Amino acid sequence: MNAIVAVDKNWAIGYKGSLLVSIPNDMKMFREETTGKVVVLGRKTLATFPNGLPLKNRTNIILTTDKEFSVKDGIVVHSIEELLEELKKYDDDMIYIIGGDSVYKQMLPYVDVCHVTKIDHAYQADAYFEDLSKNDEWKMTIETEEMTYFDIEYTFQKWERVSNKK
């Protein structure tokens, strides 16, 4: 299973329900990586998408405790157990956890690969991804050359689980 995330230098991912910054090349990489795949996200993350609708050309699985919640073109599950049961229908390498922070936290133990856009800046934030560099279960296996979008420097990184204590 994969996770895909954009983080700042403190591993922050969001502030007041929004991404910290929008980098077109990061959005392009996200689209290329997840199109035709299964994306797993929380209801609040879904609400930030255009018109609050699932992403096109992907199987969208939304995790929410709201039993009344439903969405066109999305599969709604209400617990991690129900989510894990639903995910058995798909190949592990086709599944991408895309946020937000509580979904990342709950699903990280099941993830083997993290696709990280690492932004060389510290933003004001209230949502975070686990700092994989401080976790000996994870190792960075790929890092691109540094890129720049206006004054924002960033790299694409691939982190792989080296041991799994599931």
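The structure reproduced in this document is the subject of the present report. (Residues numbered from 1 in each chain as written. Predicted model: local features only at pLDDT ≥ 70, side-chain atom pairs only at ≥ 80, totals over all residues. Heavy atoms only, no water.)

### Thoughts on the nonpolar core
So, point 1. Counting residues in hydrophobic clusters, the biggest one holds 28 residues, and the most contacted among them are Leu83, Leu87, Ile97, Cys114, Phe129 and Leu132.
So, point 2. Elements represented by at least two residues in this core include exactly strand 1 (2-7), strand 4 (38-42), strand 5 (59-63), helix 3 (80-87), strand 7 (95-99), helix 4 (101-107) and strand 8 (113-119).
So, point 3. Aside from chain neighbours lying at most four places away, what touches Ile97 is Met1, Asn2, Ala3, Ile4, Val40, Val103, Tyr104, Met107 and Val111.
So, point 4. Core analysis: the next-biggest nonpolar cluster, separate from the first, contains 19 residues, Ile23, Leu41, Leu46 and Phe49 among them. (Core = buried A, V, L, I, M, F, W, Y, C linked by side-chain atoms within 4.5 Å. Buried < 20%, exposed > 50% of the residue type's maximum accessible area, 1.4 Å probe, protein only. Helix = DSSP H or I, 4+ residues; strand = E, 2+ residues; numbered from the N terminus. Contact = heavy atoms within 4.5 Å.)

### Quick notes on the layout of surface pockets
One simple way to see leftover space: roll a probe sized like a water molecule over the atoms.
So, point 1. Of the volumes computed, that of the largest pocket is approximately 1,100 Å³.
So, point 2. Where the lining of the largest pocket is concerned, the elements lending two or more residues are strand 1, strand 2 (12-15), strand 3 (18-19), helix 1 (24-34), helix 2 (43-47), strand 7 and helix 4.
So, point 3. Here the lining of the largest pocket gets five residues from one element, more than from any other, and that element is helix 4.
So, point 4. The class makeup of the residues in the lining of the largest pocket is 17 nonpolar, 14 polar and eight charged.
So, point 5. By volume, the second largest pocket is sized at about 250 Å³.
So, point 6. Pro50, Asn51, Leu53, Pro54, Leu55, Lys56, Arg58, Asn60, Lys72 and Asp73 are the residues that line the second largest pocket.
So, point 7. Classifying every residue of the lining of the second largest pocket gives four nonpolar, two polar and four charged. (1 Å grid on protein atoms, 1.4 Å probe; cavity = no way out; pocket = protein on both sides within 12 Å on 5 of 7 lines; lining within 4 Å. Points joined across faces, edges and corners; volume = space filled by probe spheres on them. Nonpolar A, V, L, I, M, F, W, Y, C, P; charged D, E, K, R; others polar.)

### Re the pairing of strand 2
So, point 1. Alignment of strand 2 against strand 9 (residues 127-128), held across two bridges, turns out to be antiparallel. Each bridged residue has a counterpart across the sheet, and for Gly14 the counterpart in strand 9 is Ala127.
So, point 2. In the sheet, strand 2 pairs with strand 3 via two bridges, with the strands oriented antiparallel. Along strand 3, the bridge assignment pairs Tyr15 with Ser18.
So, point 3. Counting the residues in the hairpin turn of strand 2 and strand 3 gives two residues, including Lys16, whose phi is positive at 50 degrees. (Pairing = 2+ DSSP bridges.)

### Digging into the side chain of Lys37
So, point 1. Within the fold, Lys37 resides in the loop between helix 1 and strand 4.
So, point 2. Buried and unpaired, Lys37 has Glu33 as its nearest opposite-charge partner, separated by 4.8 Å.
So, point 3. Other than its neighbours up to four places away in sequence, Lys37 contacts Asn57, Arg58, Thr59, Met94 and Tyr96. (Lys, Arg positive; Asp, Glu negative; His and termini not counted. Salt bridge = Lys/Arg side-chain N within 4 Å of Asp/Glu carboxyl O.)

### Regarding the sheet that holds strand 2
So, point 1. Strands sit in the order 3-2-9 across an open sheet of three strands; the sheet is antiparallel. Whereas interior strands pair on both sides, the edge strands pair on one side only; in this sheet they are strand 3 and strand 9.

### Observations concerning helix 1
So, point 1. Taken together, the buried positions of helix 1 are Asp26, Met29, Phe30 and Thr34. Along helix 1, the residues classed as buried sweep out an arc of 110 degrees about the axis, all on the same side.
So, point 2. One or two residues past the end of helix 1 sits Gly36, with phi positive at roughly 80 degrees. (Arc of directions from axis to C-beta.)

### Some thoughts on empty space enclosed by the protein
So, point 1. By the definition in use, this model includes one cavity of 30 Å³ or more.
So, point 2. Forming the walls of the largest cavity are Ala6, Val7, Ile13, Leu19, Leu20, Val21 and Ile119.
So, point 3. Among the residues forming the lining of the largest cavity, the class breakdown is seven nonpolar, no polar and no charged.

### Looking at the pattern of salt bridges
So, point 1. Applying the stated criterion to the full structure yields nine salt bridges.
So, point 2. A salt bridge links Lys105 to Asp101; its shortest N-O distance comes to 3.7 Å. Separated by four residues within a single helix, Lys105 and Asp101 lie in helix 4, roughly one turn from each other.
So, point 3. Taking relative accessible area as the criterion, Lys105 reaches 55% and is therefore assigned exposed.
So, point 4. Relative accessible area serves as the criterion here: at 26%, Asp101 is assigned to the partly exposed category.
So, point 5. Among the salt bridges present, the one from Glu137 reaches Arg161, with a minimum N-O distance of 2.5 Å. Highlighted residues: Glu137 in the loop between strand 9 and strand 10 (138-143) and Arg161 in strand 12 (residues 152-161), separated in sequence by 24 residues.

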